[in-house]
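Structural overview for review
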Amino acid sequence: MDVVTVEHLSKSFGDLRVISDISFSVHQGEVLAIIGPSGSGKSTLLRAVTHLETATRGTITICGTRILDGGVYADAATLRSALLKLGLVFQDFNLFPHFSVLRNITEAQVRVLRRGKAEARERALALLEKMGLAGKASAYPCELSGGQKQRVSIARALALDPQVLFFDEPTSALDPELTGEILKVMRTLAAEKMTMVVVTHEMGFARDVADRAMLMDGGVVVEEGPARELIDNPRNERTRAFLKRFSESGRT
Amino acid sequence: MVKMLGAMLEGSLVSLEIFLLTLVFALPLALPVALGRMSASRLVRVPVNLYILVMRGTPLILQILFVYFAPYYLFEASYDRFTAVIVAFTVNYAAYFAEIYRGGIQSIPKGQYEAAKVLGFTRADTFFRIVLPQVVKRILPASANEVITLVKDTALAQTIGVAELFRVAQNASARQFSTTPIFIAGVFYFVMNWAVSEAFLRAERKLAYYS
């Protein structure tokens with residue numbers, strides 16, 4: 001089953017077309033890596049699918065619900081309930097600084113999903129345990145390292161039981177020695193068959209963990225295929241050039 | 001001397017009343033004003049902008065006179081002087097507080113709204129649970145300035161004959177041919193503002209648990 005289907009999606013800022021005619025789908029339990037140079041439209045694509053940006057044209061279907069149909073958005077209620085099936089992890093975490101770690105994870109469960117406080121708390125503590133942050137429930141975000149913050153934000157997203165989790169360069173704001181702990185968590189989620197769409201510059205991670213990879217450049221999809229194959233034996237010239245630049249800079 | 005101090009204490013109570021009532025009305029009123037100032041609709045934004053421009057652009061003393069005498073000249077209706085003072089102070093201070101709120105609201109990173117949206121929070125929950133608490137922390141220092149100014153501005157109520165602290169001190173000073181009562185009034189204002197500063201310091205400390 002397809003969790004997310006995107007057809008002919010385009011987004012323009014004025015005359016500038018940032019993403020153009022993009023189509024892809026994400027199957028249940030699959031990890032899709034979106035790679036490509038800076039400014040290629042990867043993040044914009046993610047933000048358009050999660051409705052942080054409005055798309056100009058195309059169709060988006062989430063778990064069978066069409067939220068964007070030929071450039072026209074569904075009504076607010078349909079949109080809201082469909083978007084609840086998506087989770088998003090930001091590059092710079094965006095934790096709520098005035099809430100404790102625990103409340104960062106419980107607040108939406110209680111206010112949005114109407115879960116009981118005790119249930120929300122239990123779920124949050126279980127997720128913290130899983131993220132290796134068992135002792136941090138009462139800490140505040142400002143007391144955590146970048147890697148810990150990002151793990152809290154992953155827990156916050158998972159607490160709402162999304163059907164698919166999007167990651168927008170989840171390790172790009174972290175010191176190199178901290179990226180490992182995030183990638184480890186994501187590997188675990190992949191092994192548990194969590195459906196994930198990951199915009200990343202971590203080629204090693206994309207190659208080893210993602211089922212499929214999609215290379216974007218200049219706002220279009222240049223090449224798409226099984227991750228390992230695409231990264232090890234790229235067919236497209238632009239993919240090859242991009243991966244070559246990458247291996248030369250030592251970030252594989 | 002004792003009698004004079006008693007009268008000045010009474011005057012202080014009037015000043016304190018003006019101070020507290022202004023805060024009670026102006027602090028909440030400033031929120032819709034701030035939101036109106038940021039409204040996407042010109043129909044809302046332009047009049048609110050004009051209101052703020054007039055309130056900040058003309059002397060408070062003139063606004064007090066206007067609020068009290070305008071109904072009299074227009075409709076020959078006169079009303080309570082104290083009420084007029086509260087109305088004038090409230091609309092004036094709401095304009096200043098609104099701009100402080102606006103600064104605070106606009107300083108909250110876009111990512112906070114985006115995270116709230118992705119998590120499914122309603123717009124109301126996003127504003128009142130995520131944004132506003134963070135705004136309060138950020139605007140405390142600027143608000144302290146404004147509240148301290150308000151304590152001193154209460155002296156302007158005497159313009160339309162409200163017997164607040166400064167008026168009482170001036171009367172006493174005239175009777176005794178001495179400036180001492182005026183200086184004592186100064187001490188009174190200082191003590192009140194010392195309490196205000198202390199209150200804001202405590203509030204800041206209370207919210208220092210996160211950054």
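To be clear, the structure that these remarks concern was listed above.
Residues numbered from 1 in each chain as written. Chains lettered and ligands numbered in written order. Predicted model: local features only at pLDDT ≥ 70, side-chain atom pairs only at ≥ 80, totals over all residues. Heavy atoms only, no water.

1. A closer look at the packing of aromatic side chains
Residue and element names in this part refer to chain B. Here the structure, examined in full by the defined rule, presents 11 aromatic pairs over all chains. Between the aromatic rings of phenylalanine 89 and tyrosine 93, the centroid separation amounts to 6.4 Å while the plane-to-plane angle is 5°, which identifies the pairing as stacked. Taken together, the residues phenylalanine 89 and tyrosine 93, both in helix α4 (residues 81–106) and 4 residues apart, mark about one turn of the helix. For the residue pair phenylalanine 89 and tyrosine 93, the accessibility class agrees, reading buried in each case. Considering the side-chain rings of phenylalanine 127 and phenylalanine 128, the 5.2 Å spacing of their centres and the 85° angle between planes classify their relative orientation as edge-to-face. Among the aromatic residues, ring-to-ring pairing joins Phe89, Tyr93, Tyr96 and Phe97 into one connected group. (Phe/Tyr/Trp six-rings, centres within 6.5 Å; stacked < 30°, edge-to-face > 60°. Helix = DSSP H or I, 4+ residues; strand = E, 2+ residues; numbered from the N terminus. Buried < 20%, exposed > 50% of the residue type's maximum accessible area, 1.4 Å probe, protein only.)

2. Digging into the pairing of strand β4 (residues 57–62) of chain A
Residue and element names in this part refer to chain A. Of all 6 residues that make up β4, 5 are buried, and the element is covered over most of its length. For strand β1 (residues 2–13) and β4, the ladder comprises 5 bridges, and the chain directions are antiparallel. Opposite valine 6, over in β4, you have isoleucine 60 as the bridge partner. Pairing of β4 with strand β5 (residues 65–69) involves 3 bridges; the strand directions are antiparallel. Following the sheet pairing, isoleucine 62 is matched in β5 by threonine 65. (Pairing = 2+ DSSP bridges.)

3. A short note on the packing of α4 of chain B against helix α6 (residues 123–153) of chain B
All names here are of chain B. In the contact formed by α4 and α6, the axes pass within 8 Å of each other and the chain directions differ by 140°. The pairing of α4 with α6 is recorded here as oblique in orientation. Between α4 and α6 lies a crossing of right-handed hand. Together, Phe89, Tyr93, Tyr96, Phe97, Ile100, Tyr101, Gly104 and Ile105 of α4 and Phe127, Val135, Ile139, Ala142, Ser143, Glu146, Val147, Thr149, Leu150 and Asp153 of α6 make up the contact between the two elements. (Axes fitted to C-alpha atoms, helices over the stretch in contact; angles between N-to-C directions. Parallel < 35°, antiparallel > 145°, perpendicular 65-115°, else oblique. Left-handed = near helix turned anticlockwise from the far one by under 90°. Contact = heavy atoms within 4.5 Å.)

4. Some details on the pattern of salt bridges
According to the stated counting rule, one finds 25 salt bridges over all chains in the structure shown. With its nearest N and O atoms 3.9 Å apart, the salt bridge here joins arginine 115 of chain A to glutamate 119 of chain A. Judged by relative accessible area, glutamate 119 of chain A falls into the partly exposed class, the value being 47%. With a closest N to O distance of 2.8 Å, aspartate 232 of chain A and arginine 207 of chain A form a salt bridge. In this pair, aspartate 232 of chain A sits in helix α8 (residues 227–232) while arginine 207 of chain A sits in helix α7 (residues 203–209), placing the two residues 25 residues apart along the sequence. For arginine 207 of chain A, a relative accessible area of 25% translates into the label partly exposed. By sharing partners, the salt bridges in this structure join Lys11, Arg47 and Glu53 of chain A together with Lys110 and Glu114 of chain B into a single network. (Salt bridge = Lys/Arg side-chain N within 4 Å of Asp/Glu carboxyl O.)

5. Considerations on the pairing of strand β10 (residues 212–217) of chain A
Residues and elements named next belong to chain A. Here β10 lies mainly inside the structure; 5 of its 6 residues are buried. With 4 bridges joining them, strand β3 (residues 31–35) and β10 adopt parallel strand pairing. Across the sheet, the residue bridging to alanine 33 is alanine 213, located in β10. As defined by bridge partners, β10 adjoins strand β11 (residues 220–226) across 6 bridges and the pair is classed as antiparallel. Across the sheet, the residue bridging to methionine 214 is glutamate 224, located in β11. What sits between β10 and β11 in their antiparallel hairpin is a turn of 2 residues, with glycine 218 showing a positive phi close to 60°.

6. Looking at the sheet that holds strand β9 (residues 196–199) of chain A
Residues and elements named next belong to chain A. Pairing is mixed in the open sheet, where 6 strands are placed in the order β7-β8-β9-β3-β10-β11. Strand pairing shows two members of the sheet lacking a second neighbour, β7 (86–89) and β11, which therefore form its edges. In this sheet, adjacent strand axes meet at a mean angle of 15° when their direction is disregarded. Across 4 bridges, β3 lies against β9 in parallel orientation. Its bridge partner lying in β9, leucine 32 is registered against valine 197. Sitting on the sheet, helix α1 (residues 42–49) touches β3, β7, β8 (164–168), β9 and β10, and the angle it makes with β8 is about 145°.

7. As for the side chain of glutamate 53 of chain A
Secondary-structure assignment places glutamate 53 of chain A in the loop between α1 and β4. For glutamate 53 of chain A, the contacting residues outside a window of four places in its chain are Lys11, Phe13, Arg47, Ala48 and Tyr73 of chain A.

8. Focus: the interface of chain A and chain B
Accessible area lost when the parts come together is the quantity often used to give the size of an interface. In this assembly, 24 residues from chain A lie in contact with 20 residues from chain B. Of the roughly 2000 Å² buried between chain A and chain B on both sides combined, carbon and sulfur atoms contribute 60%. In this structure, the connection of chain A to chain B is made through 3 salt bridges. Note that glutamate 107 of chain A is salt-bridged to arginine 129 of chain B, the shortest N-O span being 3.0 Å. Those elements that provide at least two residues to the side of chain A that touches chain B are β7 and α3 (101–111) of chain A. Among the elements that line the side of chain A that touches chain B, the one with the most residues is α3 of chain A, at 4 residues. (Buried area = accessible area lost by both parts, 1.4 Å probe.)

9. Examining a nonpolar patch on the surface
Residues and elements named next belong to chain B. Residues Ile61, Leu62, Leu65, Phe66, Phe69, Tyr72 and Tyr73 make up a contiguous nonpolar surface patch of about 730 Å² in total accessible area. Inspection of the secondary structure assignment puts leucine 62 in helix α3 (residues 60–75). In this structure leucine 62 comes out as partly exposed when scored by relative accessible area, which is 46%. (Patch = residues over 30% accessible without salt bridge, like charges linked within 9 Å, V, L, I, M, F, W, Y side chains within 5 Å. Areas by Shrake-Rupley, 256 points an atom, 1.4 Å probe, with all protein chains shown as cover.)

10. Brief notes about the sheet that holds β5 of chain A
Residue and element names in this part refer to chain A. Spatial ordering of the open sheet is given by β2-β1-β4-β5-β6, a layout of 5 strands whose pairing is antiparallel. Every interior strand has two partners, whereas the edge strands, β2 (16–27) and β6 (72–73), have only one. Pairing between β5 and β6: 2 bridges, direction antiparallel. Following the sheet pairing, aspartate 69 is matched in β6 by valine 72. Across the sheet, α1 is in contact with β1, β2, β4, β5 and β6; its angle to β2 comes to roughly 65°. Each of β4, β5 and β6 is contacted by helix α2 (residues 76–83), which is oriented at about 120° to β5, the strand it contacts most.

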